[in-house]
Amino acid sequence: MTFEDTALYRDITDFAHDSPMWVRHGAELWTEAGLLVFVGLFAAAWWRARRDSTQAFAIAALAPLATAVAYMVSELLKSVVAEERPCRAVAGAAVSLAACPAHGDWSFPSNHATIAGAAAVALALVRRALLWLTAPLALLMAFSRVFVGVHYPHDVVAGLALGTVVALVAVRLGTGPMTRLAGALRGSPAPVVRWAAGPGRPNPPTAIPSYEMPAER
């Protein structure tokens, strides 16, 4: 970490303690429960994609899987870097609003920010317009982790970047195989499987060829 990063952490946590009580309580609630919003968006994207093309359904199904992969990569990186939490390492900093995680629950990168970044990007790949909703939510999640005192600023920046890259790569590599799987699921003889995969987008009506004899002149 740099001196500037530590100073920024102190500035943000001091600002948090000077904030109104409802802001502090809201940040504590959002930093833990906010990820459930992304779960709800995943469910909504899946439901909508059931009546969309097979490829669109495949990307909607990949979105939570790509996010899970990003989380696993983040956990692996945490164990390699083994950075102590700022709520324990920064001397003279304000007491964290959230409970400081136990020693061994490392700080870099932020899992919450990684998940939020991956979810925001993956959902935007399902439907581009969702980026206007998911990007602010991801940024708010990342900021909240510093606000409540459990991460350095560089932890959440790295988490957002990591989640973005992993989601893009996972969806890019997985779209082809998942599209083929989605097509198979939609043709499954099991009603439950067909319901989960959805009926898909109906094929456009085909033009009926005309067999009328040309009029005699």
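Here, every reference points to the structure presented above.
Everything numeric in this text was worked out from a predicted model, so none of it was measured.

The rules behind each value
Residues numbered from 1 in each chain as written. Predicted model: local features only at pLDDT ≥ 70, side-chain atom pairs only at ≥ 80, totals over all residues. Heavy atoms only, no water. Helix = DSSP H or I, 4+ residues; strand = E, 2+ residues; numbered from the N terminus. Buried < 20%, exposed > 50% of the residue type's maximum accessible area, 1.4 Å probe, protein only. Lys, Arg positive; Asp, Glu negative; His and termini not counted. Salt bridge = Lys/Arg side-chain N within 4 Å of Asp/Glu carboxyl O. Polar contact = N/O pair within 3.5 Å; in protein donor to acceptor, adjacent residues only side chain to side chain. Contact = heavy atoms within 4.5 Å. Phe/Tyr/Trp six-rings, centres within 6.5 Å; stacked < 30°, edge-to-face > 60°. Lys NZ or Arg CZ within 6 Å of the ring centre and 35° of its normal.

### Considering the side chain of D155
Looking at the secondary structure, you find D155 in helix 8 (residues 153–186). Put simply, D155 is tucked away with no salt bridge, and the nearest opposite charge, on R85, sits 6.3 Å away. A polar atom in the side chain of D155 sits 3.1 Å from the side chain of H154. Apart from the residues lying within four places of it in its own chain, the contact partners of D155 are E83, S107, F108, P109 and S110.

### Considering the packing of aromatic side chains
With the rule as written, the count across this model stands at six aromatic pairs. Arranged with centres 6.1 Å apart and planes meeting at 80°, the rings of F15 and F147 form a pair that is edge-to-face. Of this pair, F15 sits in helix 1 (residues 3–18) while F147 sits in helix 7 (residues 131–147), and the two are 132 residues apart along the sequence. Looking at F147, the relative accessible area reads 4%, which means it is buried. Ring centres of W46 and W47 lie 5.6 Å apart, and the angle between their planes is 65°; on these two criteria the pair is classed as edge-to-face. With relative accessibility at 27%, the residue W46 sits in the partly exposed group. For W47, a relative accessible area of 47% translates into the label partly exposed. Among the aromatic residues, those joined into a cluster by ring pairs are F15, F143 and F147. Above the face of the W195 ring, R50 is positioned so that its terminal group lies 5.0 Å from the ring centre.

Remember that the coordinates give geometry; whether it matters functionally is a separate question.
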